[in-house]
Every structure is written in structure tokens, then in C-alpha cells.
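One letter stands for each residue in the lines below.
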Amino acid sequence: MDEQMYSFPPFPAPPEGVTIVPFSTFSPAGYQRDTDSSGDPIEVDAWAGIPTVKVLNESEASQKRKSKKKRKTAGNAVDAEGRLIPWWKEWEEGEALRALSEPSFDSQLSVEDRLCLAADDFRVGRTWPEIAHGVRNMWDQFRLYIGLISSIPVYKKLKNKPKGQVDGPNNGEEASGEEEDVPRADQTKVVIVQDYLEQSALPGKQLEPSPDKSTPEAQRLRAFLDDMEKSVKVFLSSYMRDTGLIWTDKNLFIAPTVLHFFLRFMLRNGVFADFKDHLDNLKRALSVAASAQKELPLTAKLGQILPGHFDLACKECWGTKGSMSVQISAILPPADVGDAPTNNTSPFNDTTSAFETELKEYDVEIVPSDVVLDSITARQVMEENLDTDYAVPVTTIPIAGDPWTAAIQAEEYTTASWTDVSIPWLMQLLGPTVFPLTMTTGVVEYSTRRIRDVFAPKVGGDRDETWKVSGVEEALEERFYRVVMRPWVGSEAEETVDFPRPVIVRGAEKDAWNPYRDDVTILVDGEVAGQLVAGMGLCGTWVQMLPKQGDKSHPKGCYWYIESLVATFPSYYTEGEMVGEVLGEEDEDVS
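Residues numbered from 1 in each chain as written. Predicted model: local features only at pLDDT ≥ 70, side-chain atom pairs only at ≥ 80, totals over all residues. Heavy atoms only, no water.

Section: the overall build of the protein
Item 1. For the protein, the helix and strand inventory stands at 20 helices and eight strands.
Item 2. Here the protein, with 591 residues, has 35% of them falling under the buried criterion.
Item 3. Excluding contacts between residues fewer than 6 apart, the proportion of contacts in the protein whose partners are at least 24 apart in sequence is 72%.
Item 4. Total accessible area on the protein is roughly 36200 Å²; 53% of this is exposed by carbon and sulfur atoms. (Helix = DSSP H or I, 4+ residues; strand = E, 2+ residues; numbered from the N terminus. Buried < 20%, exposed > 50% of the residue type's maximum accessible area, 1.4 Å probe, protein only. Contact = heavy atoms within 4.5 Å. Areas by Shrake-Rupley, 256 points an atom, 1.4 Å probe, with all protein chains shown as cover.)

Set out below in C-alpha cells:
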């Protein structure tokens, strides 16, 4: 298309009816107050009658500067009612407008380079919360996992320094008092990638990743691009568990939320638009992140509310049926490996005895935990084992009615002083009932099971005739939600490190119960049922409830309760192979 070129002079003639006032004859008329069509006062140009841009007074300008300063980090903005806007809502408001720095990719650009550019644009194109919120750290953890960086960046405040002063540990001088609180790394690694968000550069870092494709970072990056869906599953499950990230509750929300934003950013901007396989895989990874936003926080919630009131009441009624030995037996080698221990011996006893014998050679005595908790005071343990020449003080906590305070003052250091919890009993939950008199326990199983279905309490006439239940069980069905749990491990071949084969502790007759195939139905109240999502996993000890008299028409048609809960898992939980490579790197001292 031909473009029309203009050159001046000559200047074009003004439109009809328009008079252009020469600057030499123009005299400003200032501004004046007027009212708009709604009667509100406005300021207009006195000569043309056009509304002017409002000029802020000193107080308004000062407030604007303060607000701008606060907005350097997300999560500090407020809404019309003065409430803080969370960082994820602040991100969502302008997310549709965030784009790549390159409007389109060169068709020859590799998927690795596309991912690196997209990750950098995602990072610099938004305002991040303060470091203490943990959002930046979680993003760095993900970049480390997929190979975009080789170590977590260290952030520090930028301090004013005289012109010409260079970076270095205290610049060759002693640290001042106000610099002592600034975290500093004792060691830095040469190949650590410099994070552009750092407020000052740390020495010994490079700005670009290494072009060597044989490095662990390049291999992790390639693995992520080959299967983004699996990588996201692993990061949001086994990787976070192995690195300890799941033990901080806020991480369970931050991790899937940040990943969801990032994956949407890549999908919306067509990072893999001309790579169909990668595009389809990216969509599946985005679906996993969306599921994780709901399920990952629930793993902590379920760990807090399970076992439920009914489970605890049943355990209080019938006692403990499983034990920690169940969990140990789940990881023992098969019986045909080596000589099987006899009933009176254990492979752990010999190991423990040898360990104690070796310690005694160095005059070290092992104090059993039950002795520490129940027989010896904390003061005695410390004085006898720490070899101190002075008495170890025990602080008195002056809180009236506190069992810990009462125990300390009376020097009664027993487990009962701090493990006293209120456990409901069956009569409190069910009212007058013959339930504990007519029911007993059956099979006891330790395993991991998935939530298959959740059914609401039954009402009159809504009765399933498949199972023949007693009147006591009918009352339970009308009061509690029923949760059907299917096995997570379907055969011995499916056993993994995180999901060992089920262990039958007691009560199962031959061919009467198959832990790889048969479902378990537990009873929970509405509070717990509202937190359950189909597909999520629960690992623990399951106890079957049976009527004392009469045979069940369907041997598997019994209700169970959770005696103990060991772990909870999201539905997409996947064990990964790259965790060792990420965690196995050692920092190099470049000082």
C-alpha cells in the first residue's frame, strides 16, 4: 500500500469555519469555575470553555506519592471500602492485558527459548507481593524445579552507598549496626542465574543460563517441555512433599495459584501455538493446576479434621486396633527374602542392640521416650545428660487453669498434662443407643484409599435393599454422610515408595476380604463431608464394624471408621524422578 508523504511548508488550509489564532496574538485567559450538566462544579478553560485536567493540591499530591510507593508490591492496594486487595485478585484484574514482550515468535525459535522468554515476561510484567509473603520464593522454587535457574536467588535491600563504592562483603569494612539484620549468603555458586527482580546484584552470578544442554538444568527444562502435565503434577505433589514445602499452609495455596497464572499466561499468549503437542499438553497441565487450587489446601484441612468425632468415639469405645508396627511392616521386604524372623525376634531388635552396645563404649546411654515423658522430669533429664555445673531453670507460666502450668508447678511432668483432649463418646453423639452393645470390630487394615463417592444421609423410604442392615445401622445412615473409599493400590505391581501395599492387621478370613479390590465405607458428619473431593487419597488405619450376632447377607456391606490418619494426598499425586537431581546440587565456595 502506498503511503502519502507530507512535508511542511506549505501548511494545509484550515477547515471551514475554523480560525487559527497565531501564537504571537494569543493571550491566555486562565480558567474559571463552572457546572456540568448534572450541576456538579467543574473547572474549565476561560477562553475555550473546555474542562481542564485537575491539578492536585499539595496534600493530594503527597497522598498520591504515598499510594504509589505502597503499590511497588502487590497486596497493598485497597478497595473502595478501605479493605486490602489480596495479591491474586490484584493480578487477576489486569491479567487479560498482560502480554509477551515479543508480539510473535520466530518460527525457528526453539520451545526452550520460548519458555524462557515467557517466564521472564511473566515475572517482569506484574507487581509481586513482598518477599515475606512467600509468592516470589514459590515462583523461584518452580523455576528451580524446571531448570530455569540453578539455585534459589537471595534477595537483599539496596542500600545507599558513596559513589564509586563497589559491591562486596561489607566493602572491606566492619558491618554497621543497621546492616547486621540483612541476610547474606556465606557461599555463592558461580553458575547461579541472576534474578532480575533482585534489588541488588550479588557477586559471582551470571545473567544468562548456560548454553550447555548436558547440564542438570537443561535436562530438567527438557523434561518439563516433554511432559508439562506430569511435571506440574509432580511439583504440586511429591516434589513439594519431599522438599518440605507442603508443611507451610500458605504454600498449599500459593503454589497452584502462581502456576495457574503462569500456565494461563503462556496459553493466552500462544507460546506454543504452532506446536500442537505442546499446546495440548499445556492445556492438560493447566487443568491439573486448577484442580490443585482446590485440593492442595484441602490436604492440610483434612489432616486437621480427620479422624472425625464418630471415628474418635469408636476408637474410645473399642480401643486401639492398629499400631505403629503396622506402618513399619508396610515397608519390610517380602517374606521370601532372607530368613524370616521368628515370633520372638525382630530384625529391628538386633540392630537396636548393636547400636546400644556401640554407644555404651562411649559412655552414652539411650533414654527411652516413655521414660522421658512419664518417669523423669525435664529438669532431671537435662541435668544428667547435658553435664552442666548449674541447675537448669524451668520457667513457670502464670496462666490460671492451664494444665501445663499446674503440672510444672507440681513437678508432675507426665504426658497426661499436655495430651489431655476432649474425646466425645458414642452416647454424646448418638444419644441413648445400643450401638456399642450390638456391634464389634472386624477387619483392621492399613492402606491408602481414594474417595470414590460421598452420599448424603438417608431419609425415610430412601433405603438400599442390596445390603441387609440392622436398625442400629439404619440410624447411622440417617445421621451421617457415607463416604465410599476405593483402594489406591490395585495390585502388588502398583506398589510404590509413597504407596506401599495394603497390610491386613487382623480379622480377615481367607478370600473374605481383598484390600486390592474391595471398597470401604466410612461415616462422617456434614463438616467433614463438605471438605471431601472425589479422587483424593487418605492413608491410615481402617477398622471394620460388625454386628455381634447374625451373619451379614453381604460380607463386605459393613461400615468402617478411621482409627488414625497418617497422610492425605491430592487426586493427581505423582511420584517424580527428578527430585534427587534438584536437591543434590552443592554450593561452591567462591570466596
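Side note on the pattern of salt bridges
Item 1. Summed over all chains, the structure comprises 20 salt bridges.
Item 2. As a salt-bridge pair, Glu229 and Arg284 come within 3.0 Å of each other at their nearest N and O atoms. With Glu229 in helix 6 (residues 228-242) and Arg284 in helix 8 (residues 276-305), the pair connects residues that are 55 residues apart, well separated along the chain.
Item 3. We classify Arg284 as partly exposed; its relative accessible area is 39%.
Item 4. Residues Lys458 and Glu477 are paired through a salt bridge, measuring 3.5 Å at the closest nitrogen-oxygen approach. (Salt bridge = Lys/Arg side-chain N within 4 Å of Asp/Glu carboxyl O.)

So, the nonpolar core
Item 1. Grouped together as the largest cluster of nonpolar side chains are 53 residues, with contacts concentrated most on Phe142, Phe235, Leu236, Phe262, Leu263 and Met266.
Item 2. Among the elements of the structure, helix 2 (87-93), helix 3 (111-124), helix 4 (135-146), helix 5 (216-226), helix 6, helix 7 (249-268) and helix 8 are those that each provide at least two residues to this core.
Item 3. With sequence-adjacent residues up to four places away left out, Leu236 is seen in contact with Ala255, Pro256, Leu259, Ala289, Ala292, Leu296 and Tyr572.
Item 4. Membership of the second largest hydrophobic core comes to 22 residues, among which are Val528, Ala529, Leu538 and Ile562. (Core = buried A, V, L, I, M, F, W, Y, C linked by side-chain atoms within 4.5 Å.)

Focus: the packing of aromatic side chains
Pairs of aromatic rings are described using the distance from one ring centre to the other and the angle between the two planes.
Item 1. Following the criterion strictly, the structure yields 30 aromatic pairs and no others.
Item 2. Summarising the aromatic geometry, the rings of Trp91 and Trp128 are spaced 5.0 Å apart at their centres and angled 80° between planes, so their arrangement reads as edge-to-face. A residue pair is termed long-range when its members are at least 10 positions apart, and Trp91 in helix 2 and Trp128 in the loop between helix 3 and helix 4 qualify at 37 residues.
Item 3. For Trp91, a relative accessible area of 1% gives the class buried. (Phe/Tyr/Trp six-rings, centres within 6.5 Å; stacked < 30°, edge-to-face > 60°.)

A few points about the side chain of Thr299
Item 1. Looking at where Thr299 falls in the secondary structure, it is placed in helix 8.
Item 2. Judged by relative accessible area, Thr299 falls into the buried class, the value being 12%.
Item 3. Not counting residues within four places of it along the chain, the set of residues in contact with Thr299 comprises Leu252, Met536, Thr568, Phe569 and Pro570.

What about the packing of helix 6 against helix 7?
Item 1. It is at 11 Å that the axes of helix 6 and helix 7 come closest, and there the two elements cross at 165°. The angle between helix 6 and helix 7 places the two elements in the roughly antiparallel class. Handedness of the helix 6/helix 7 crossing: right-handed. Along its contact with helix 6, which presents Val232, Phe235, Leu236 and Met240, the element helix 7 presents Asn251, Ala255, Pro256, Leu259 and Leu263.
Item 2. Partitioned by chemical class, the residues of the contact of helix 6 with helix 7 number eight nonpolar, one polar and no charged. (Axes fitted to C-alpha atoms, helices over the stretch in contact; angles between N-to-C directions. Parallel < 35°, antiparallel > 145°, perpendicular 65-115°, else oblique. Left-handed = near helix turned anticlockwise from the far one by under 90°. Nonpolar A, V, L, I, M, F, W, Y, C, P; charged D, E, K, R; others polar.)

As for the state of the cysteines
Item 1. What the rule picks out here adds up to zero disulfides.
Item 2. As a non-bridged cysteine, Cys317 has Cys314 as the owner of its nearest cysteine sulfur, 7.0 Å distant. (Disulfide = S-S within 2.5 Å.)

A short note on the pairing of strand 2 (residues 41-45)
Item 1. The pairing of strand 1 (residues 31-35) with strand 2 spans five bridges and is classified as antiparallel. Note on strand 2: the bridge partner recorded for Arg33 is Glu43.
Item 2. In this structure, the hairpin formed by strand 1 and strand 2 is closed by a connection of five residues, where Gly39 is found at a positive phi of approximately 90°. (Pairing = 2+ DSSP bridges.)

Some remarks on helix 6
Item 1. Between its first and last C-alpha atoms helix 6 spans 20 Å; for 15 residues at 1.5 Å apiece the expected length is 21 Å, and the two agree.
Item 2. The largest bend in helix 6 is about 45°, located at Phe235.
Item 3. Those residues of helix 6 lying buried are Met228, Ser231, Val232, Val234, Phe235, Leu236, Ser237, Ser238, Tyr239 and Met240.
Item 4. Directly after helix 6, the chain includes Gly244, whose backbone phi takes a positive value near 80°. (Expected span 1.5 Å × (residues − 1). Bend = angle between axes of the 7 residues up to and from the residue.)

Description of unusual backbone geometry
Item 1. Across the junction of Leu306 and Pro307, the peptide omega takes the value -5°, indicating a cis bond.
Item 2. Within the secondary structure, Pro307 is located in the loop between helix 8 and helix 9 (309-318).

Looking at helix 4
Item 1. When the terminal C-alpha atoms of helix 4 are compared, their 17 Å separation across twelve residues agrees well with the 16 Å that a helix rising 1.5 Å per residue should span.
Item 2. Counting buried positions over the twelve residues of helix 4 gives eleven, a clear majority of the element.
Item 3. When helix 4 is considered as a whole, its buried residues turn out to be Val135, Arg136, Met138, Trp139, Asp140, Gln141, Phe142, Arg143, Leu144, Tyr145 and Ile146.
Item 4. Directly after helix 4, the chain includes Gly147, whose backbone phi takes a positive value near 90°.

What about the environment of Trp139?
Item 1. In this fold, Trp139 is placed in helix 4.
Item 2. For the pair Trp139 and Ile254, spaced 115 residues apart in sequence, the C-alpha to C-alpha distance is 9.0 Å.
Item 3. Residue contacts for Trp139: discarding those within four places in its chain leaves Ala119, Phe122, Arg123, Trp128, Val258 and Phe262.

Overview of a nonpolar patch on the surface
Item 1. A cluster of nonpolar residues, Val21, Phe26 and Trp47, forms a patch on the protein surface that exposes about 310 Å² of accessible area.
Item 2. If you trace the backbone, Trp47 turns up in the loop between strand 2 and helix 1 (58-70).
Item 3. For Trp47, a relative accessible area of 56% puts it in the exposed group. (Patch = residues over 30% accessible without salt bridge, like charges linked within 9 Å, V, L, I, M, F, W, Y side chains within 5 Å.)

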